[in-house]
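# Coordinate analysis (summary)
Below, each chain spelled out in residue letters.
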Amino acid sequence: MNLQTYDPLRDLRNLREEVNRVFGRTVSGWPEDNSSVATSVWSPAVDLKEEKDSFVLKADLPGVNPKDIEVTMENGVLTIRGERHFESEQDRSGYRRVERTYGSFYRRFALPDSVDAERIEAHTDNGVLHVTIPKAERAKPRQIAVKATS
């Protein structure tokens, strides 16, 4: 018996991407985001939040060993890839239902030019990958003092 992953929202996301592509839209001025392209067996859920001094990415990776996660940054694209292993490859008998997806995953995120790629940090906490992407000093807003002239 072959098990296939069913994603009920895949068609809706594909339609949204096509409409955005036709009208040349991107989200909030960021470069076009192709992160939802099906590139692996499964794709972890991800939140990406902008804060004052950084962007924070959180990815749900329960059951994934941190040694099996790779985070890279190249040409303005942050890539997260890794693998969740099946607990017992030899003994699949006895299972009546297998809903948790195993295998490789791969996500890519186009980031704005305002990030400091050299200071990106990543750690896991209770099955959640946290990636902190600091903004470059030049991208942070700064207060300019107004001087009075006599």
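Details of the structure are given in the entry above.
Positions within a chain are numbered from 1, following the residues in the order the chain's sequence is written. The model is predicted, so local features are restricted to residues of pLDDT at least 70 and side-chain atom pairs to those at 80 or more, both for listing and for counting; the totals for chains, interfaces and linings are taken over all residues. Where side-chain values are given, they derive from all heavy atoms of the structure, hydrogens and water being excluded.

### Here's the deal with the overall build of the protein chain
Counted only if it meets this: Labels follow the DSSP assignment, with helices taken as runs of H or I lasting at least four residues and strands as runs of E lasting at least two, numbered in each case from the N terminus. A 1.4 Å probe rolled over the protein chains alone gives each residue an accessible area, and that area as a share of the maximum for its type sets the label: buried under 20%, exposed over 50%, partly exposed in between. Whether two residues are in contact is decided by their heavy atoms, any of which lying within 4.5 Å being enough. Per-residue accessibility takes into account occlusion by the displayed protein chains alone, with areas from the Shrake-Rupley method and a 1.4 Å probe.
Scanning the protein chain from N- to C-terminus turns up one helix and seven strands. Taking all 150 residues of the protein chain together, the buried fraction comes to 27%. Considering only contacts in the protein chain between residues 6 or more positions apart, those separated by 24 or more positions represent 54%. Split by element, the accessible area of the protein chain, about 11500 Å² in all, is 47% carbon and sulfur.

### Focus: the sheet that holds strand β7 (residues 128–134)
Convention followed: Two strands are said to pair when DSSP picks up at least two bridges between them. Axis definition: a line fit to C-alpha positions, over the contact stretch in the case of helices; interaxial angles, taken between N-to-C directions, run 0 to 180 degrees.
Across the sheet, four strands lie side by side as β1-β2-β7-β6; this open sheet has antiparallel pairing. Looking along the sheet, the strands with just one partner apiece sit at the ends: β1 (46–50) and β6 (121–125). If you compare each strand with its neighbour and ignore which way they point, the axes differ by 15 degrees on average. Here strand β2 (residues 54–60) pairs with β7 via seven bridges, running antiparallel. Across the sheet, residue Leu57 finds its bridge partner in β7, namely Val131.

### As for the nonpolar core
Which entries qualify depends on this criterion: Put simply, a nonpolar core is a bunch of buried Ala, Val, Leu, Ile, Met, Phe, Trp, Tyr and Cys residues held in one set by side-chain atoms that sit within 4.5 Å of each other.
Residues Leu57, Leu61, Ile69, Ile80, Phe105, Leu129 and Ile133 are the most contacted members of the largest nonpolar core, which totals 16 residues. Counting residues per element, the ones that place at least two in this core are β2, β4 (77–84), β5 (103–110) and β7. Once residues within four sequence positions are removed from consideration, Leu61 is found in contact with Trp42, Pro44, Ile69, Phe105, Gly127 and Leu129.

### Digging into a nonpolar patch on the surface
Condition: Any residue with relative accessible area above 30% and no salt bridge may belong to a patch, with like charges joined within 9 Å and the nonpolar Val, Leu, Ile, Met, Phe, Trp and Tyr side chains within 5 Å. Throughout this description, the term salt bridge denotes a Lys or Arg side-chain nitrogen within 4 Å of a carboxyl oxygen of Asp or Glu.
Judged by side-chain polarity, Leu9, Leu12, Leu15 and Val19 come together as a nonpolar surface patch covering roughly 370 Å² of accessible area. Checked against the element boundaries, Leu15 lands in helix α1 (residues 10–23).

### Observations regarding the sheet that holds strand β3 (residues 69–74)
Taken together, three strands build an open sheet; the order of strands is β3-β4-β5 and the sheet is antiparallel. If you trace the sheet from one side to the other, it starts and ends with β3 and β5, each paired once. Sheet twist, expressed as the mean angle between neighbouring strand axes with direction ignored, is 15 degrees. One ladder, built from eight bridges, connects β4 with β5; its direction is antiparallel. In the strand pairing of β5, Val77 is matched with Ala110.

### With respect to the pairing of β4
Within β4, six of the eight residues are buried, which leaves it mostly tucked inside the rest of the structure. Pairing of β3 with β4 involves six bridges; the strand directions are antiparallel. Its bridge partner lying in β4, Ile69 is registered against Gly82. Linking two consecutive strands that pair antiparallel, namely β3 and β4, is a turn of two residues; a positive phi of about 50 degrees is found at Asn75 within it.

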